[in-house]
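Structure at a glance
In case you want the letters, here they are:
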Amino acid sequence: MRKLALLSTLALAVLLGGCSIVKYSFSGTSIQPDVKTVTINYFEYKALKVNPTLSNALTEAMKDKFRKLTKLEQVDIDGDLELSGAVTGYEVRAAAVTADEVAAMNRLTVTASLKFTNRKYPEEDFEKSFSAYSDYDSNNSLDAVESSLCDEIVEKLIEDMFNASVAQW
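Residues numbered from 1 in each chain as written. Predicted model: local features only at pLDDT ≥ 70, side-chain atom pairs only at ≥ 80, totals over all residues. Heavy atoms only, no water.

1. Examining helix H2 (residues 54-69)
Spacing of three or four residues puts side chains on the same side of an α-helix, whose turn is 3.6 residues. Test applied: Labels follow the DSSP assignment, with helices taken as runs of H or I lasting at least four residues and strands as runs of E lasting at least two, numbered in each case from the N terminus. An expected span of 1.5 Å times one less than the residue number is assigned to each helix. Residue exposure (1.4 Å probe, protein chains only): buried if accessible area is under 20% of the type maximum, exposed if over 50%, otherwise partly exposed. Taking the helix axis as origin, the arc is that swept by the directions to the C-beta atoms. Any two residues whose heavy atoms approach within 4.5 Å at even a single point are treated as in contact.
The end-to-end C-alpha distance of H2 is 22 Å, a good match for the 22 Å that 16 residues give at a rise of 1.5 Å each. What H2 keeps buried is the set Leu54, Ser55, Leu58, Thr59, Met62, Lys65 and Phe66. Angular distribution of buried residues about the axis of H2 spans 140°; they occupy a single face of the element. Elements in contact with the buried residues of H2: strand E3 (37-40), strand E4 (44-45), strand E5 (73-74), strand E6 (81-97), strand E7 (103-118) and helix H3 (142-167).

2. Considerations on the environment of Ala112
When you line up the elements, Ala112 lands in strand E7. What makes Ala112 buried here is its relative accessible area of 0%. Sequence separation between Ala112 and Gly85 is 27 residues, and the spatial gap between their C-alpha atoms is 7.0 Å. Ignoring any residue separated from it by four or fewer positions in sequence, one finds Ala112 in contact with Leu58, Ala86, Val87, Thr88, Lys128, Ser129, Phe130 and Met161.

3. Remarks on the packing of aromatic side chains
Applicable threshold: Here the aromatic set is Phe, Tyr and Trp, taking the six-membered ring for Trp, and pairing holds for ring centres within 6.5 Å; pairs whose planes are under 30 degrees apart are stacked, those over 60 apart are edge-to-face, and all others are tilted. Should the NZ of a Lys or the CZ of an Arg lie within 6 Å of a ring centre and within 35 degrees of the ring normal, that charge is described as sitting over the ring.
Inspection of every chain in the model, using the stated rule, returns two aromatic pairs. Taking the centre distance of 5.1 Å and the plane angle of 75° together, the rings of Phe66 and Phe162 count as edge-to-face. In this pair, Phe66 is assigned in helix H2 and Phe162 in helix H3, connecting sequence segments 96 residues apart. In this structure Phe162 comes out as buried when scored by relative accessible area, which is 1%. The interplanar angle of 25° and the centroid separation of 5.4 Å between the aromatic rings of Phe116 and Phe126 together place this pair among those described as stacked. With Phe116 in strand E7 and Phe126 in strand E8 (residues 126-137), the pair connects residues that are 10 residues apart, well separated along the chain. Grouping residues by exposure puts Phe116 and Phe126 together as buried. For Lys65, the ring lying beneath its charged end belongs to Phe162, and the centroid distance is 5.7 Å. The residue whose ring lies beneath Lys156 is Tyr133, and the NZ or CZ to ring-centre distance is 5.5 Å.

4. Some thoughts on the pattern of salt bridges
Just so we agree on the cut-off: Each reported salt bridge corresponds to a side-chain nitrogen of Lys or Arg within 4 Å of a carboxyl oxygen of Asp or Glu.
In total, this model carries six salt bridges according to the counting rule given. For the salt bridge of Arg119 with Glu82, the shortest nitrogen-to-oxygen distance reads 2.4 Å. In this pair, Arg119 sits in the loop between E7 and E8 while Glu82 sits in strand E6, placing the two residues 37 residues apart along the sequence. Here Arg119 falls in the partly exposed class, since its relative accessible area comes to 40%. In this structure, the salt-bridge partner of Glu152 is Lys156, at a minimum N-O distance of 3.5 Å. With Glu152 and Lys156 both in helix H3 and four residues apart, the pair spans about one turn of that helix. When its relative accessible area of 37% is taken as the criterion, Glu152 is described as partly exposed. Here Lys156 falls in the partly exposed class, since its relative accessible area comes to 34%.

5. Some words on the pairing of E6
Here is the rule we go by: The pairing criterion for strands is at least two bridges between them, as found by DSSP.
Sheet topology places E3 next to E6; three bridges connect them, and they run parallel. Pairing of Ile40 across the sheet is with Leu83, part of E6. Inspection of the sheet shows E4 paired to E6 by two bridges, in the parallel sense. Bridging across to E6, Tyr45 finds its partner in Val87. Both E6 and E7 contribute to a ladder of 15 bridges, which runs antiparallel. Across the sheet, Ala96 pairs through a bridge with Met105, a residue of E7. Connecting E6 to the next strand, E7, in antiparallel fashion are five residues, including Glu101 with a positive phi near 60°.

Below is the structure:
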């Protein structure tokens, strides 16, 4: 009986421990075990309307996300994974109009491109555009709410980009 229990335990350990190709974690990432480093390049600003802090905020938020949710070492060049991109759109439009045809709510929308390169598994490479927005009351000026709106939008963009790159959602 003990031999059967020992044999069953050993077989289970081999099945669970030795067959893994992709590493899964509680953060939802699926990064192969031989991928050890990541390079996150500065997100350039290419939108027509200028926001001088958005590129830096996006870049630093991406670095923080990878630092918190992966065990990858961040390197300046030639990482196993490489992310680069740009802010390509930054615009405000009316989101809701009153009966008097006046904007009641405005929407700030930010669009960013992402190029993801996996040097070990090039079949996972992609280039995509991501967009996120936040609405605000038109009684407020954009200058008054821009910082908090951008923080919210950056958080949404980073979540989507991270999921597309290493969570493969």
